[in-house]
Amino acid sequence: MKELKIVRGACPHDCPDTCAMLYHVEDGKLVDVQGDPNHPMTRGGLCVKVKNFHEHHYQSDRLLYPMRRVGAKGAGEFERITWDEALAEIKSRWTDIIAKHGSQAIMPHAYLGHQGVLNGLTSGDAFFNRLGSTVAEKTYCESGSSTAWHMTVGGSGGLDVESMAYSKYIIVWGMNMTSTNLHGWPFLLEARKNHGAKIVVIDPVRNRTARQADWHIPIRPGTDGALAMGLIHEIIAKGLVDTDYVERYTVGYDELAERAANYPPERVEEITGIPADDVRKLAYEYATSQPAAIRQGVALERSRGGGQAIRAITCLPALVGAWRHVGGGTMEMPIWEFPTRFDAICRPDWIPEGTRVVNELDLGMALTGELDLDPPIKSLFVYNSNPVSQGPAQEKTMRGLMRDDLFTVVSEHFITDTARFADLLLPATMQAEQLDIMVTWGHLYISLNQPAIDPPGECVPNVELFRRLAKTMEFDEESMAYWNRTDRQMLIDFHDWDAPALEGITYETLEEVGWMRLAVGTPDTRAPHAEGNFPTPSGKCEFKSSLAAGGNFVVPVWRSMYEDMQPGGYVDPVPDYVPPFESPQSNPELAQRYPLSIISPKPHAFLNSQYGNAADKQKVQGRQQVFIHPADAAERGITEGDVVRVFNDRGSFQGPAAYESGLMPGLVMANVGHWQGKSSATTVNAITADRHCGLGNAGVYGDNLVEVEKLEKPDVAQSA
Ligand SMILES: Nc1nc2c(c(=O)[nH]1)N[C@H]1C(S)=C(S)[C@@H](COP(=O)(O)OP(=O)(O)OC[C@H]3O[C@@H](n4cnc5c(=O)[nH]c(N)nc54)[C@H](O)[C@@H]3O)O[C@H]1N2
Ligand SMILES: Nc1nc2c(c(=O)[nH]1)N[C@H]1C(S)=C(S)[C@@H](COP(=O)(O)OP(=O)(O)OC[C@H]3O[C@@H](n4cnc5c(=O)[nH]c(N)nc54)[C@H](O)[C@@H]3O)O[C@H]1N2
Ligand code: SF4
Ligand SMILES: [Mo]
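Scoring rules and cut-offs
Residues numbered from 1 in each chain as written. Chains lettered and ligands numbered in written order. Predicted model: local features only at pLDDT ≥ 70, side-chain atom pairs only at ≥ 80, totals over all residues. Heavy atoms only, no water. Buried < 20%, exposed > 50% of the residue type's maximum accessible area, 1.4 Å probe, protein only. Helix = DSSP H or I, 4+ residues; strand = E, 2+ residues; numbered from the N terminus. Pairing = 2+ DSSP bridges. Polar contact = N/O pair within 3.5 Å; in protein donor to acceptor, adjacent residues only side chain to side chain. Contact = heavy atoms within 4.5 Å. Axes fitted to C-alpha atoms, helices over the stretch in contact; angles between N-to-C directions. Near = heavy atom within 4 Å. Areas by Shrake-Rupley, 256 points an atom, 1.4 Å probe, with all protein chains shown as cover. Nonpolar A, V, L, I, M, F, W, Y, C, P; charged D, E, K, R; others polar.

1. Some words on the pairing of strand 17 (residues 424-427)
Line of reasoning, step 1. Neither face of strand 17 is exposed, since Leu424 and Leu426 on one face and Leu425 and Pro427 on the opposite face are all buried.
Line of reasoning, step 2. With two bridges connecting them, strand 4 (residues 67-69) and strand 17 associate as antiparallel partners. Across the sheet, residue Met67 finds its bridge partner in strand 17, namely Leu425.
Line of reasoning, step 3. With four bridges connecting them, strand 16 (residues 407-412) and strand 17 associate as parallel partners. The partner of Glu412 across the bridge, within strand 17, is Pro427.

2. Points about the side chain of His674
Line of reasoning, step 1. Structurally, the position occupied by His674 is in the loop between strand 26 (667-669) and strand 27 (704-710).
Line of reasoning, step 2. Side-chain polar atoms of His674 contact the backbone oxygen of Arg623, separated by 3.4 Å.
Line of reasoning, step 3. Those residues within four positions of His674 in sequence are excluded, and the remaining contacts are Ser389, Asp417, Phe606, Gln621, Gly622, Arg623, Gln624 and Thr683.

3. Points about the sheet that holds strand 4
Line of reasoning, step 1. Here we have six strands laid out as an open sheet, ordered 5-4-17-16-15-6, and mixed in their pairing. The outermost strands of the open sheet, each flanked by one partner alone, are strand 5 (78-80) and strand 6 (106-110). Ignoring strand direction, the axes of neighbouring strands in this sheet form an average angle of 20°.
Line of reasoning, step 2. Sheet topology note: the strand 6/strand 15 (residues 379-383) ladder contains five bridges and is parallel. The partner of Pro108 across the bridge, within strand 15, is Phe381.
Line of reasoning, step 3. Its contacts with the sheet put helix 2 (residues 83-101) on strand 4, strand 6, strand 15, strand 16 and strand 17, and the angle it makes with strand 17 is roughly 130°.

4. Quick notes on the site of ligand 2
Line of reasoning, step 1. The environment of ligand 2 is made up of 29 residues, and the closest members are Gln390, Ser411, Glu412, Ser609 and Asn685.
Line of reasoning, step 2. The separation between an oxygen atom of ligand 2 and a polar side-chain atom of Glu412 is 2.5 Å.
Line of reasoning, step 3. Burial of ligand 2 by the protein chains amounts to 98% of its free accessible area of 920 Å².
Line of reasoning, step 4. The residue inventory of the shell around ligand 2, partitioned by class, reads nine nonpolar, 16 polar and four charged.

5. Here's the deal with unusual backbone geometry
Line of reasoning, step 1. Across the junction of Gln290 and Pro291, the peptide omega takes the value 0°, indicating a cis bond.
Line of reasoning, step 2. Its location among the elements puts Pro291 in the loop between helix 11 (276-288) and strand 12 (292-296).
Line of reasoning, step 3. The amide bond that connects Asp374 to the next residue, Pro375, takes the cis arrangement and shows omega of 0°.
Line of reasoning, step 4. Structurally, Pro375 is set in the loop between helix 14 (363-368) and strand 15.
Line of reasoning, step 5. The phi torsion at Glu142 lies on the positive side, around 75°, for a residue other than glycine.
Line of reasoning, step 6. Counting through the fold element by element, Glu142 comes out in the loop between strand 7 (135-137) and helix 4 (143-153).
Line of reasoning, step 7. One non-glycine residue, Asn697, lies in the positive phi region at around 55°.
Line of reasoning, step 8. You can see Asn697 is positioned in the loop between strand 26 and strand 27.

6. Considering the site of ligand 1
Line of reasoning, step 1. Every one of the 33 residues lining ligand 1 counts as a neighbour, but Asp203, Asn207, Asp224, Phe606 and Asn608 are closest to it.
Line of reasoning, step 2. In the environment of ligand 1, a nitrogen atom lies 3.1 Å from a nitrogen or oxygen atom belonging to the backbone of Ser179.
Line of reasoning, step 3. Within the backbone of Gly222, an N or O atom sits 2.8 Å from an oxygen atom of ligand 1.
Line of reasoning, step 4. Within the complex, the protein chains bury 98% of what would otherwise be the 910 Å² of accessible surface of ligand 1.

7. Some points on the environment of Met365
Line of reasoning, step 1. When you line up the elements, Met365 lands in helix 14.
Line of reasoning, step 2. Remark: the alpha-carbon pair of Met365 and Gln394, spanning 29 residues in sequence, is separated by 11 Å.
Line of reasoning, step 3. Beyond its immediate stretch of four places on either side in the chain, Met365 contacts Glu370, Leu371, Lys396 and Asp690.

8. What about the environment of Lys5?
Line of reasoning, step 1. When you line up the elements, Lys5 lands in strand 1 (residues 4-10).
Line of reasoning, step 2. Through-space distance from the C-alpha of Lys5 to that of Lys29 is 9.9 Å; in sequence the pair is 24 residues apart.
Line of reasoning, step 3. Apart from residues lying up to four places away in sequence, Lys5 is in contact with Tyr23, His24, Val25 and Ala452.

These figures come from the coordinates and say nothing about function on their own.
See below:
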C-alpha cells in the first residue's frame with residue numbers, strides 16, 4: 001500500500017484569504033491539496049482557482065529548465081540550457097552593461113506572484129540593492145489605499161474580518177468579496193443570520209456579491225470620494241456625530257466639517273449618480289446601526305481621487321464612534337500587524353547613495369525612452385510578476401520589450417505574456433516545493449508553508465535564485481553572509497519574535513502546528529480603537545493628516561519603497577473628492593471621442609493572470625468578454641456575441657460582447673488576467689493609462705475612457 005503523508009502548507013497567492021492547506025503526498029507525488037478544516041478562515045475549503053492545486057504543479061506547459069531565446073524577440077521560441085550557462089550569460093551581459101552604463105542600467109521588476117516573506121515581492125531587494133541597480137517602486141496594488149490609511153489611522157490592523165460576525169450594518173465598498181475574498185464573506189452572512197445585519201454593496205456593477213446583498217448602491221467609478229464626503233456632510237447636518245469620540249480621539253474635525261459642507265446630497269447625486277435620498281438614507285442607517293463595519297476593496301484606489309476617497313471613508317467610523325464596538329470600524333488590510341523585519345529582508349542600507357527610483361507602472365515609458373533615463377534601462381529582470389498582462393499601457397510595454405539592445409531575464413512558472421519576450425527564462429518552484437512563512441492582508445493568522453515534494457526539473461525558489469545570482473556576481477564575503485544562511489534561518493531572522501503580536505509564537509511551534517493567530521485579541525472581544533490608540537503621530541484618528549506636511553509619500557504593501565526615497569509633491573491634508581482624469585463628467589472633451597468608462601476587475605477563476613493558461617479555469621472564466629449595457633450596445637449596433645473592439649489612443653483589445661444589465665449605462669467591463677492570443681491579440685490593459693493616482697503612486701486601472709465598435713473581422717479566431 002502507498003504511504004500517504006500530509007504536510008502543512010499555506011496558499012502563496014496574492015489574495016486576502018491566505019488559506020491554510022494540507023498537502024497530500026504519496027510516493028513523493030502531490031496527489032491532493034485540501035483546505036485545513038480547523039483554520040477559522042479556511043474552514044476546509046479552497047477556492048475554484050486552487051482547489052486542484054496539485055494538478056497546477058504538474059501542468060504540462062510548466063517551465064522546468066533554464067531556456068535561451070532562439071527566435072525573434074517576443075516569438076516565444078526557446079531552447080534548453082543549463083543553470084551554469086544561464087548564470088554565466090547573466091554575468092557577462094551585466095558586467096558589460098555595468099562597465100558601459102553603470103549598474104543603474106539594470107532594473108528589477110517584481111510584484112506579488114508569490115506572497116511569502118522569503119519568496120515574495122521583496123525576495124530580490126537585497127540582491128538588487130547590493131548590485132546597485134535602479135530601485136523599482138512597486139505600486140501595482142494597495143499603495144494608494146495604504147498611504148491613505150496611514151495618513152488617517154496609522155499602521156493599524158483595523159477591524160478584524162472575523163469580528164464582522166458581530167456587526168449590525170456592513171458596507172462592502174468597491175470589493176467583490178464572493179470572488180476576491182471568498183473566506184471573508186461567511187462572517188457577513190453570520191452577522192445577517194445571527195442579528196439581522198444589513199449588507200450594503202457600493203459598486204458600479206451588480207456583481208456576484210451585490211446580488212447577495214440587502215442593498216446594492218450603483219456608483220459611477222472614481223466618485224466614491226464624493227459619496228464619502230456627502231455621508232460626512234449628512235452625518236454632521238443631522239447631528240449624528242459621536243461628539244465625545246470625536247473630541248477625545250480625533251484631530252481636524254473643523255477642517256473636515258468645512259470641506260464636507262461642499263457636498264450636500266444633491267451635489268453628491270450629480271457626481272455619483274446616486275439619488276440624494278439614498279445618500280441621506282445610507283448616512284442615517286450607517287450612523288445609527290452600531291456596530292457598523294466598512295470593508296474597503298482595492299478597487300477604490302484605482303482612479304485619480306482613489307487615495308482621497310479612502311481617506312474620507314476611513315474617517316467615517318471615528319465620526320460616528322463605530323470603533324467603540326466589537327465589529328465596528330473599517331477593514332482595509334491587517335498586514336501591518338505582522339512584525340516582519342523589512343530592513344533585514346531588503347537591506348535598504350545597501351542602496352548606493354543617489355540611486356534613482358523608477359516606478360514599475362512606468363515600465364513602458366522607461367523602456368521606450370519616454371522617461372529620458374540616464375543611463376537608459378539596458379537589462380530588465382522580471383520575477384513574481386507579469387507586467388505585459390497586469391501593468392498599464394500594454395502596447396507600449398511590448399514595444400519596449402522588443403528592443404534588441406535590452407537584455408531581459410524572466411523567472412517564471414510558465415511562458416507568460418511577459419516571459420515570451422525574455423532572452424533568458426529561469427524556472428521557479430511552486431508552493432508545495434518550497435519553504436516560506438505567509439503573512440497576509442486579509443486576516444490575523446501567520447502560517448508556515450513546508451515543502452511537501454521535491455522541485456521538478458531544475459526549478460528553484462526565488463530565495464535560491466538570488467543566492468545563486470549573488471554568488472555569480474561575486475559579492476564580497478560580508479554581503480554573502482546574507483545568503484550563506486539556510487532558508488529556515490532567514491525566516492527566523494526576518495521576524496521580530498519579541499514583538500507583542502508574536503507573543504507565544506515561535507518558529508518551532510509553527511513547524512509543529514502550521515498556523516497561529518497573532519496575539520492581537522480575539523474576534524469576539526477585539527475593539528482596537530475603542531479608546532483611540534491610533535498609531536498616528538498624534539495618537540488620534542487624523543481627519544487632518546500630519547503626515548501630509550512632508551509632501552507626497554508612498555506606504556507600500558510589503559516594503560517596496562524606502563523612507564529617504566519618497567517622491568515629494570503637495571498632499572492635501574484633508575480628505576476631499578478629486579474627479580477622475582477620464583470620465584464623461586470630468587473630461588467631456590475626451591468623452592466626445594471615447595464616451596464609455598471602463599473598469600477591469602478581478603477574474604473569478606484566475607488569480608490576476610495566474611491560471612489564465614489552465615484549460616479547466618478558462619472553462620469557468622470564459623474568454624476576454626466585453627460586458628456592455630444593452631442600451632450602449634444598441635446605440636452602436638452591437639448585439640450579444642458580436643466581436644467588438646475596445647479602443648482609445650493608447651491601444652485596443654477585442655472580445656465577444658456580452659450584455660450585462662447590472663452595469664451602469666455608460667460603463668463597460670472586461671476582466672483583467674486573460675492571456676494574449678486566447679480571444680484577443682492584446683488584453684484589457686492595452687487601454688490603461690500609465691499615469692498615477694493622487695496618493696501612493698497607485699495605478700489608474702479604473703480611470704479610463706474608451707469607445708467600443710463592432711468588428712467585421714476579428715484578429716484572433718474566436719472559437720476557443
Ligand atoms: N478570484 C480572484 N480573487 C482575487 C484576485 C483575482 O485576480 N481573482 N486578485 C487578488 C488581488 S491582487 C486583489 S488586489 C484583490 C482585489 O479585489 P477587490 O478589492 O474585490 O477588487 P476588484 O476585483 O478590482 O474590484 C472589486 C469591485 O469594485 C468595483 N469597482 C470598480 N471601480 C470602482 C469604483 O470606482 N468604486 C467602487 N465603489 N467600486 C468599483 C468593481 O465593479 C468590482 O465589483 O482581489 C484578490 N483576490
Ligand atoms: N486592468 C487591471 N490591471 C491590474 C489590476 C486590475 O484590477 N485591473 N490589478 C492590479 C493588482 S491589484 C495587482 S496585485 C497586479 C498583479 O500583478 P502581478 O503580480 O504581476 O500578477 P500575476 O498575474 O499574479 O503575475 C505574477 C507572476 O508571477 C509568477 N510567479 C508566481 N509565483 C512565483 C514564484 O514563486 N517565483 C517566480 N519567479 N514567479 C512566480 C506567476 O506565474 C505570474 O506569472 O495587477 C494589477 N493590474
Ligand atoms: S487563492 Fe485565496 S481563496 Fe483561493 S486558496 Fe488561495 S488564499 Fe484561499
Ligand atoms: Mo492586488
